[in-house]
Amino acid sequence: MSTFVELVEKRRSIYALGTNSEYSKKDIENRIREVVKQVPTAFNSQTTRVVVLFDEAKNKFWDHIYDVQKNILEGGMQEWMSGVVTGAKNGIGTVLFFEDLDAAKQMPTQGARTEAYKQNNNANAQYAVWLALAEMDLGASLQHFNVGYEQGFDKATREMFNLPETYEMIAQMPFGSIEQDIDEKEHIDTDVQVKVFS
Ligand SMILES: Cc1cc2nc3c(=O)[nH]c(=O)nc-3n(C[C@H](O)[C@H](O)[C@H](O)COP(=O)(O)O)c2cc1C
C-alpha cells in the first residue's frame, strides 16, 4: 500500500503499453466509475463524461485517428503519432474524456468562466483516473488528438459509439501494462513552484 505522495510520484506518461495485468476489465471499469463519481466539479455541475474503450472498440477508435492523421502529419510528427497509436492499440484500453455541453450550460456562469470550469472539471477527472490507473500498476498517457467541438474527431467519435450530440471530446488516455523503462523527470525548483508566507 503506497502513500498518496508515492502514488503521485508513481504516475508517469507511459507510451509502450501491454495487456499484462492482474486486474480484469470489470475491475478497471469499476475503479474508473468510483473515482469519476467523487471528482469535484464547479457548483457540483458534474459535466464530465467518460467513455472506456476495450478490445475492438479501442482498436476502431485508434485506427480512425491513425487513418486521418497519417494524411495530415509530416515526418517526425507522423512517426510520433504512429508510435502513440501503436502503443495505445497494444494496451488494455483507452479512456475518452468528454464534457457534456448541455450540463455545462446549467452552470450559473457564462463565457470564459464556463469554459474554464469545464476544462478544470475535466482535468480533475483526467488526473484522478490517471492516478487510479497508476495505483493498479497500469501505465497511461494523456493525448489530445482533437481540440474543439467543431473540428477534430468529436463527430466521428460520437457516431462511432452512438454518443450524444452534446459531448465535446477533451482528451484521450490510453492505458495498459508498463512495457518501457521510465526515465528520470526534470523538476524545477520547488521554491519557484511553491511560495509560503506566514
Ligand atoms: C494538460 C496536459 C496536456 C498534455 N498533453 C499531452 C499530449 O497531447 N500528448 C502527450 O503525449 N502527452 C501529453 N501530456 C503529458 C505531459 O507531456 C507529461 O505529463 C509531462 O511531460 C510530464 O511527464 P510525466 O507525465 O511522465 O510526469 C499532457 C499533460 C498535461 C498535464
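Small disclaimer: the values here were computed from a predicted structure and weren't measured.

Caption draft 1: Structural detail: the pairing of strand E5 (residues 167-178). Across the 12 residues of E5, 11 count as buried, placing the element largely inside the fold. The sheet contact formed by strand E1 (residues 17-18) and E5 spans two bridges and is antiparallel. When the bridges of E5 are listed, Leu17 appears paired with Ile178. Here eight bridges tie strand E3 (residues 93-100) to E5, and the two strands are oriented antiparallel to one another. Looking at E5, one finds that Phe98 is bridged to Met169. Looking at chain direction, strand E4 (residues 138-140) and E5 are connected through three bridges and run antiparallel. Across the sheet, Ala140 pairs through a bridge with Phe175, a residue of E5.

Caption draft 2: Local environment of the layout of surface pockets. Taken as a whole, the largest pocket encloses approximately 340 Å³ of empty space. As for the largest pocket, its lining consists of 15 residues, of which Ile32, Arg33, Val36, Lys37 and Val50 are closest to the centre. Those elements that place two or more of their residues in the lining of the largest pocket are helix H2 (25-38) and strand E2 (48-54). Here the residues of the lining of the largest pocket sort into seven nonpolar, four polar and four charged.

Caption draft 3: Looking closely at unusual backbone geometry. Unusually for a residue other than glycine, Asn44 sits at a positive phi of about 55°. For Asn44, the location among the structural elements is in the loop between H2 and E2. Judged by its relative accessible area of 54%, Asn44 falls in the exposed class. Residue Asn162 is not a glycine yet carries a positive backbone phi of 55°. Tracing the chain through its elements places Asn162 in the loop between helix H7 (154-161) and E5.

Caption draft 4: Examining the site of the ligand more closely. Surrounding the ligand, one finds Arg11, Arg12, Ser13, Tyr15, Trp80, Trp130, Leu142, Gln143, His144 and Lys185. Between an oxygen atom of the ligand and a side-chain N or O atom of Ser13, the distance comes to 2.6 Å. Here the ligand loses 56% of its free accessible area of 620 Å² to cover by the protein chains. Its residues placed into classes, the shell around the ligand shows four nonpolar, three polar and three charged.

Caption draft 5: Summary view of the packing of aromatic side chains. The tally for this structure, following the rule as stated, stands at six aromatic pairs. Centre to centre, the rings of Phe43 and Tyr117 are 5.8 Å apart; their planes meet at 75°, and the pair counts as edge-to-face. Of the two residues, Phe43 is situated in the loop between H2 and E2 and Tyr117 in helix H6 (residues 111-135); the sequence distance between them amounts to 74 residues. With a relative accessible area of 51%, Phe43 lands in the exposed category.

Caption draft 6: Representation of the side chain of Ser141. Checked against the element boundaries, Ser141 lands in the loop between E4 and H7. With relative accessibility at 2%, the residue Ser141 sits in the buried group. A polar atom in the side chain of Ser141 sits 2.9 Å from the side chain of Gln143. Ignoring any residue separated from it by four or fewer positions in sequence, one finds Ser141 in contact with Ile14, Tyr15, Trp130, Gln172, Met173 and Pro174.

Caption draft 7: Highlighting the pattern of salt bridges. Applying the stated criterion across every chain, the model contains 12 salt bridges. The shortest N-O distance in the salt bridge between Glu29 and Lys26 comes to 3.1 Å. Of this pair, Glu29 and Lys26 are both found in helix H2, three residues apart, which corresponds to roughly one turn of the helix. On the accessibility criterion, Lys26 (48% relative accessible area) is partly exposed. In this structure, the salt-bridge partner of Glu168 is Lys118, at a minimum N-O distance of 2.7 Å. One end of the pair, Glu168, is in strand E5; the other, Lys118, is in helix H6, and 50 residues separate them in sequence. You'll find Glu168 and Lys118 in the same group, each marked buried.

Parameters and conventions
Residues numbered from 1 in each chain as written. Predicted model: local features only at pLDDT ≥ 70, side-chain atom pairs only at ≥ 80, totals over all residues. Heavy atoms only, no water. Buried < 20%, exposed > 50% of the residue type's maximum accessible area, 1.4 Å probe, protein only. Helix = DSSP H or I, 4+ residues; strand = E, 2+ residues; numbered from the N terminus. Pairing = 2+ DSSP bridges. 1 Å grid on protein atoms, 1.4 Å probe; cavity = no way out; pocket = protein on both sides within 12 Å on 5 of 7 lines; lining within 4 Å. Points joined across faces, edges and corners; volume = space filled by probe spheres on them. Nonpolar A, V, L, I, M, F, W, Y, C, P; charged D, E, K, R; others polar. Near = heavy atom within 4 Å. Polar contact = N/O pair within 3.5 Å; in protein donor to acceptor, adjacent residues only side chain to side chain. Areas by Shrake-Rupley, 256 points an atom, 1.4 Å probe, with all protein chains shown as cover. Phe/Tyr/Trp six-rings, centres within 6.5 Å; stacked < 30°, edge-to-face > 60°. Contact = heavy atoms within 4.5 Å. Salt bridge = Lys/Arg side-chain N within 4 Å of Asp/Glu carboxyl O.

This is a description of form; function is not addressed.
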